[in-house]
Each structure stands twice: as structure tokens, then as C-alpha cells.
Amino acid sequence: MVRLRPFKRQDAEKILPWICEERVMAMWCAGVFSYPLTVEQLTDRMEQSESKADEWVMAGIDEQGEVIGHLYMWPDYQNDSLHLGMIAVDHTRRGQGLGRQMVEKAAAYAFDILEVSQVTLGVFDSNPRARACYQSAGFVVNYTEEHAFVYHGESWDRIHMIRRRES
């Protein structure tokens, strides 16, 4: 079982090993951070997030309270929506359904607590495992943004996915 809680500064060191390759980092943050990822970059970004009313950093935790995931939430109340991004799961625990559970919990929070009608996220076409994870959590393709990001000469399309509140 996965739970969500606010991301804390002491969690920053835990996610560094998860983002250990430059390509993985590019798929995760689309250039928001520079490689290699550092605790300072994460805590600086976290401080920026804390100063904004419409941005939260969350941690996924397991039954023992260990951090197993990370994600950002951006509510857009004008559009009755919440956007998820920079979703990461402990690389040693991938394939266990933890990412799906974390994204499902985030969607449940959006629908039940924030009472928005839809949750969105983006995933690069170069990351089929993440796309499959999001599909298993009930997200469907909304549209594709072609050539959204360039990584070392490769052009990646961003697949925008959506999950709507069930009536």
C-alpha cells in the first residue's frame, strides 16, 4: 500500500539514486534540473514551491513510512483540474505497482479533497513504461504535443494524458 504525504527536505537525498542517469533525468524533469541532480537543486526547487499557493511536492511512502516516490501537484481551479508532474519511483522497487498506486492516490486526492473534475499529466513517448503505468491508473491519451523536448538531438513527443472524475 502507498500513502502520500508532503515531501520533506530530508527526503531529497533518498531520490538522488533514482535519477542516476542523464536520460532518465531528462524524461523525469524535462530540463527543470541540471544533471547530475543534487540535494541543493531539489531543496531550492522545493523552497520555490513552498512560496506558491498552487504547487505542492509530495512523497509516496510505503507501509513502513519509507519514501518510495515523488511527485508534484499543480491545481488549476479555473479549469477544475490538477496536473501531476515529475513523478518518480524508487528504481529498486519499480515493477511492483507502486507508481500506479501513487498516481491513483494523487488522483483520489484531487477528486475527493480538491473536488476537481480532471487530473492531467504528461509523459514523453520515449518513456513507454511510465505511459503504461499511467494507463493502468486510469489515464487516457488526451493529445500529443509533437517535438516538445529535445534531448541530445532526439526529439521527444509529449503525450498529454487525462483522467476524469467518475460520475
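Below is a summary of the structure that appears in this document. Note that the structure is predicted; figures quoted are calculated from it, not measured. (Residues numbered from 1 in each chain as written. Predicted model: local features only at pLDDT ≥ 70, side-chain atom pairs only at ≥ 80, totals over all residues. Heavy atoms only, no water.)

**Here's the deal with the overall build of the protein chain**
Check the secondary structure of the protein chain and you find five helices and seven strands. Counting from the amino terminus, helix and strand elements in the protein chain follow one another as β-α-α-α-β-β-β-α-β-α-β-β. In terms of overall dimensions, the protein chain is globule-like: its C-alpha atoms have a radius of gyration of 15 Å, near the 15 Å expected for 167 residues. With respect to the three principal axes, the spread of C-alpha positions in the protein chain is 45 × 40 × 35 Å. Looking at the protein chain as a whole, 46% of its 167 residues qualify as buried. Restricting to contacts in the protein chain with at least 6 residues of sequence separation, those with at least 24 account for 57%. (Helix = DSSP H or I, 4+ residues; strand = E, 2+ residues; numbered from the N terminus. Rg over C-alpha atoms; globule rule 2.2 N^0.38 Å. Buried < 20%, exposed > 50% of the residue type's maximum accessible area, 1.4 Å probe, protein only. Contact = heavy atoms within 4.5 Å.)

**A word on the packing of aromatic side chains**
Inspection of every chain in the model, using the stated rule, returns seven aromatic pairs. Look at Trp56 and Tyr109: their rings are 6.4 Å apart centre to centre, the planes differ by 90°, and that puts the pair in the edge-to-face class. Taken together, the residues span a long stretch of sequence, with Trp56 in strand β2 (residues 56–61) and Tyr109 in helix α4 (residues 98–112) at a distance of 53 residues. We classify Trp56 as partly exposed; its relative accessible area is 23%. When its relative accessible area of 31% is taken as the criterion, Tyr109 is described as partly exposed. Their ring planes at 40° and their centres at 5.7 Å tell us that Phe149 and Trp156 sit as a pair that is tilted. (Phe/Tyr/Trp six-rings, centres within 6.5 Å; stacked < 30°, edge-to-face > 60°.)

**Re the pairing of strand β5 (residues 118–124)**
The side chains of a regular strand alternate, residue by residue, between the two faces of the sheet. Across the seven residues of β5, six count as buried, placing the element largely inside the fold. Two strands pair when backbone bridges link them, and strand β4 (residues 81–89) and β5 are joined in this way by four bridges, in the parallel orientation. By the bridge assignment, Leu84 is partnered in β5 with Leu121. Running through α4, the crossover from β4 to the neighbouring parallel element β5 is right-handed. (Pairing = 2+ DSSP bridges. Right-handed = clockwise from strand over helix to strand, strands pointing away.)

**Re the side chain of His70**
Along the chain, His70 falls in strand β3 (residues 67–76). Of the residues examined, His70 reaches a relative accessible area of 1% and is grouped as buried. Here His70 is in contact with Phe7, Ile15, Trp18, Trp28, Val57, Met58, Gly60, Met86, Ile87, Ala88 and Met102, once residues within four sequence places are set aside.

**Describing the nonpolar core**
Formed by 28 residues in total, the largest nonpolar core has its most connected members in Leu71, Leu84, Ile87, Val103, Leu121, Tyr134 and Phe139. If one sorts the elements of this core by residue count, α4 sits on top with seven residues. When residues no more than four places from it in sequence are discounted, the contact partners of Val103 are Leu84, Ile87, Leu121, Tyr134, Ala137 and Phe139. Ranked by size, the runner-up nonpolar core spans 19 residues in total, among them Ile15, Ala59, Tyr72 and Met86. (Core = buried A, V, L, I, M, F, W, Y, C linked by side-chain atoms within 4.5 Å.)

**Describing the packing of α4 against helix α5 (residues 128–136)**
Between α4 and α5, whose axes approach to 9 Å, the crossing angle comes to 50°. Here α4 lies oblique to α5, going by the angle between them. Pair α4 / α5 crosses with right-handed handedness. Taking contact as the criterion, the partners of Gly99, Arg100, Val103 and Glu104 in α4 are, on α5, Cys133, Tyr134 and Ser136. Grouping the constituent residues of the contact of α4 with α5 by class yields three nonpolar, two polar and two charged. (Axes fitted to C-alpha atoms, helices over the stretch in contact; angles between N-to-C directions. Parallel < 35°, antiparallel > 145°, perpendicular 65-115°, else oblique. Left-handed = near helix turned anticlockwise from the far one by under 90°. Nonpolar A, V, L, I, M, F, W, Y, C, P; charged D, E, K, R; others polar.)

**Structural notes on helix α2 (residues 22–29)**
Given 3.6 residues per turn, any residue in an α-helix points the same way as the ones three and four places further on. When we look at burial in α2, the residues that qualify are Met25, Ala26, Met27, Trp28 and Cys29. Among the residues trailing α2, Ala30 stands out with phi positive, at a value near 50°.

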